[in-house]
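Summary of structural features
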Amino acid sequence: MANIVIVGAQWGDEAKGKIVDYLASDKEMVVRYGGGNNAGHSVTVGNKEYKFHLIPSGILNSETVCVISDGVVIDPGVLVKEIEGLHAQGLSTHNLKISSSAHVILPYHRLQDALEEKRRGDSKIGTTGRGIGPAYMDKAGRIGLRLGEFVRKDRFEARLKALIASKNELLQNLYGADPLDADEVFAEYQVYADYLRPYVVDTSRLIYEAARGEKGVLFEGAQGTLLDIDLGTYPFVTSSHPIAGGACIGTGIGPTFVDGVIGVAKSYTTRVGSGVFPTEQLNEIGHYIRERGHEYGTTTGRPRRCGWLDAVILRYAVQVNGLSCLSLGHLDVLSGLDTVKICVAYKEKDGTLITQMPTDLPYREDLEPVYETLPGWKEEVSDVRTYEDLPENAKRFAKRVEELIEVPIATLSVGPGREQTIIFEEVVRARCSKRRNG
Ligand code: IMO
Ligand code: MG
């Protein structure tokens, strides 16, 4: 079996959790490789909805080993709560492993996140306020605290107190904020350290073994391609590597172990936070999509910005992730519209057409999307279970997406439920089921 990476092909919130949950049952292991509790992954099983921020969505399969690997930044209080929440629902976490190299989000990271956003004023990023950026800053600045050290009784207290002493200088002198009480923070976090200690291991070795094994590994991406720190719409991005390459960096697996990459996209586009969004619909269409698609953040509850599908962005996602196939979702949300649109290019003021994603997109408020208009479908499709039963115009829409991005569709989704997925078995088999280098 193959090792597969699942990535968001847009600006996050593509419903990656659902496809991870679906594919996880065949795999030995599911690995969350980047980001932190800025992510919000929902999985609906029957009439029960599960929400995860840090724990891989694969945890619903009791046989699957779930790993939070090196590339993730972990807020220990949030993780403890998430584990407790699963136990309260009768789910086991005996198969959960957390990397000793993952970095810890501490209270000063959350403070810095909020204070820095305030300083930015109108040009704020619109972060989730979870301390993600500052935690990655400290990691890159080599002053971060890793989980392995966090759970060591002989090291944690001294390290934490030294870190807080220097962060207090920053908080007081730069931001004019109150200092943190190191004893208080230690008392709280020591409890989390004790709780998490049994889960903390060297995960890179475990992942390597599983990636060489019979069943293979599923790498669960968080956020989306356009939020990547290097390849996204900088500076309105997150601080990690959501793209497929991030699965290697964030786990210690070499690129030759990745056999397939599945991009996940909605049949329209959403974005949370600030930054350019060429196909945004600040009108009744945007409203229609938001309400029908329940487009409110899982993590912060913010209404998501909504607009038409952007094929320029999807083609870019194909390029930078090396997508093997696409999981196209939320087709049901577009039901009831007379026409649906797909952006196929951007137009400059002088009429020049741009068909490839420009790297200066974040500053290109001048670009106008060029749309292809397709006939819509009036029928509700959430009960449709086969491709043949979809309305002709919904099929036409999906086919057109496939043509525009030149990558086959592996699954079409018509709702959040496990059963609301139309799977193209032959695509999955051809593109995502064989080891290529093993
Ligand atoms: P999932 O995994 C949507 C966005 C934030 C903000 C920017 C930076 O659910 O797809 P950060 O707190 O990361 O420093 O914020 O990134 N963002 C997301 N948007 N879904 C996510 O995750 C996101 N994670 C971060 O809204 O614009
Ligand atoms: Mg989200």
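Notes on the structure follow. (Residues numbered from 1 in each chain as written. Chains lettered and ligands numbered in written order. Predicted model: local features only at pLDDT ≥ 70, side-chain atom pairs only at ≥ 80, totals over all residues. Heavy atoms only, no water.)

**Some words on the site of ligand 1**
Neighbouring residues of ligand 1: 20 residues in total, closest Asp13, Lys16, His41, Thr128 and Thr238. Within the backbone of Gln223, one N or O atom sits 2.8 Å away from an oxygen atom of ligand 1. Burial of ligand 1 by the surrounding chains reaches 97%, relative to a free accessible area of 550 Å². Taken together, the residues of the shell around ligand 1 sort by class into seven nonpolar, ten polar and three charged. (Near = heavy atom within 4 Å. Polar contact = N/O pair within 3.5 Å; in protein donor to acceptor, adjacent residues only side chain to side chain. Areas by Shrake-Rupley, 256 points an atom, 1.4 Å probe, with all protein chains shown as cover. Nonpolar A, V, L, I, M, F, W, Y, C, P; charged D, E, K, R; others polar.)

**Some words on the environment of Asp228**
With respect to the element layout, Asp228 can be found in the loop between β10 (217-220) and α9 (245-249). Residues Asp228 and Val276, spaced 48 residues apart in sequence, show a C-alpha to C-alpha distance of 14 Å. In contact with Asp228, other than residues within four places in its own chain, are Val237, Ser240, His241, Pro242 and Ile243. Here the side chain of Asp228 touches Asp230 through a polar contact of 2.8 Å, landing on its backbone nitrogen. (Helix = DSSP H or I, 4+ residues; strand = E, 2+ residues; numbered from the N terminus. Contact = heavy atoms within 4.5 Å.)

**Quick word on the packing of helix α11 (residues 311-321) against helix α12 (residues 392-405)**
Relative to each other, α11 and α12 sit at 55°, their axes nearing to 9 Å. It follows from the interaxial angle that α11 and α12 lie oblique. Between α11 and α12 the crossing geometry is right-handed. Between α11 and α12, the contacting residues are Ala311, Leu314, Arg315 and Val318 on the first element and Val401, Leu404 and Ile405 on the second. When its residues are assigned to classes, the contact of α11 with α12 shows six nonpolar, no polar and one charged. (Axes fitted to C-alpha atoms, helices over the stretch in contact; angles between N-to-C directions. Parallel < 35°, antiparallel > 145°, perpendicular 65-115°, else oblique. Left-handed = near helix turned anticlockwise from the far one by under 90°.)

**Regarding the pairing of β10**
Across the two faces of β10 the burial is the same, with Val217 and Phe219 and Leu218 and Glu220 all buried. Bridging between strand β1 (residues 4-8) and β10 involves three bridges; their strand directions are parallel. Within β10, the residue paired with Val5 across the bridge is Phe219. Across four bridges, strand β2 (residues 29-32) lies against β10 in parallel orientation. Pairing of Val31 across the sheet is with Phe219, part of β10. (Buried < 20%, exposed > 50% of the residue type's maximum accessible area, 1.4 Å probe, protein only. Pairing = 2+ DSSP bridges.)

**Here's the deal with the state of the cysteines**
Scanning the model with the defined rule gives zero disulfides in all. There is no disulfide at Cys248, and the cysteine sulfur nearest it, in Cys432, is 15 Å away. Overall, the relative accessible area of 15% leaves Cys248 in the buried class. Of all cysteine sulfurs in the structure, the one in Cys325 sits closest to Cys432, which takes part in no disulfide; the separation is 3.7 Å. (Disulfide = S-S within 2.5 Å.)

**Some remarks on the environment of Arg385**
With respect to the element layout, Arg385 can be found in the loop between β17 (368-375) and α12. Note: C-alpha distance between Arg385 and Leu160 (225 residues apart in sequence) is 53 Å. Not counting residues within four places of it along the chain, the set of residues in contact with Arg385 comprises Val414, Glu419, Gln420 and Ile422. At 3.5 Å, the side chain of Arg385 and the backbone oxygen of Asp383 are in polar contact.

**Quick word on the side chain of Gln112**
With respect to the helices and strands, the residue Gln112 is situated in helix α3 (residues 107-120). Not counting residues up to four positions away in its chain, the partners in contact with Gln112 are Pro134, Met137, Lys167, Leu170 and Tyr175.

**Focus: the nonpolar core**
Membership of the largest hydrophobic core comes to 75 residues, with the highest contact counts inside it found for Val5, Ile6, Phe219, Leu390, Phe397 and Leu412. Per-element accounting of this core gives the leading share, six residues, to α12. The contacts of Ile6, once residues within four sequence positions are left out, are Lys16, Ile19, Val20, Leu23, Tyr33, Leu218, Phe219, Glu220, Gly221, Ile262 and Val264. (Core = buried A, V, L, I, M, F, W, Y, C linked by side-chain atoms within 4.5 Å.)

**Notes on the pairing of β1**
Among the five residues in β1, five count as buried, and that is most of the element. The two faces of β1 match: Ile4, Ile6 and Gly8 on one face and Val5 and Val7 on the other face are all buried. Pairing analysis gives five bridges linking β1 to strand β11 (residues 260-266), with the strands arranged parallel. By the bridge assignment for β11, Val7 is matched with Gly263.

**Quick notes on the environment of Gly232**
With respect to the element layout, Gly232 can be found in the loop between β10 and α9. Those residues in contact with Gly232 that lie beyond four places of it in its chain are Thr225, Leu226, Leu227 and Val237.

**Concerning the packing of aromatic side chains**
Per the counting criterion, the structure on display carries seven aromatic pairs. Judged by centre distance (5.5 Å) and plane angle (50°), the ring pair of Trp11 and Phe277 falls under tilted. In this pair, Trp11 is assigned in the loop between β1 and α1 (16-24) and Phe277 in the loop between β12 (268-271) and α10 (284-292), connecting sequence segments 266 residues apart. Taken individually, Trp11 and Phe277 each receive the classification buried, so the pair is uniform in this respect. With centroids separated by 4.9 Å and ring planes inclined at 80°, the aromatic side chains of Phe150 and Phe156 adopt a geometry described as edge-to-face. A relative accessible area of 1% means that Phe150 is categorised as buried. Feature note: the residues Phe150, Phe156 and Phe186 constitute an aromatic cluster, connected by ring pairs. One Lys or Arg, Lys395, reaches over the ring of Tyr387 and ends 5.5 Å from the middle of that ring. (Phe/Tyr/Trp six-rings, centres within 6.5 Å; stacked < 30°, edge-to-face > 60°. Lys NZ or Arg CZ within 6 Å of the ring centre and 35° of its normal.)

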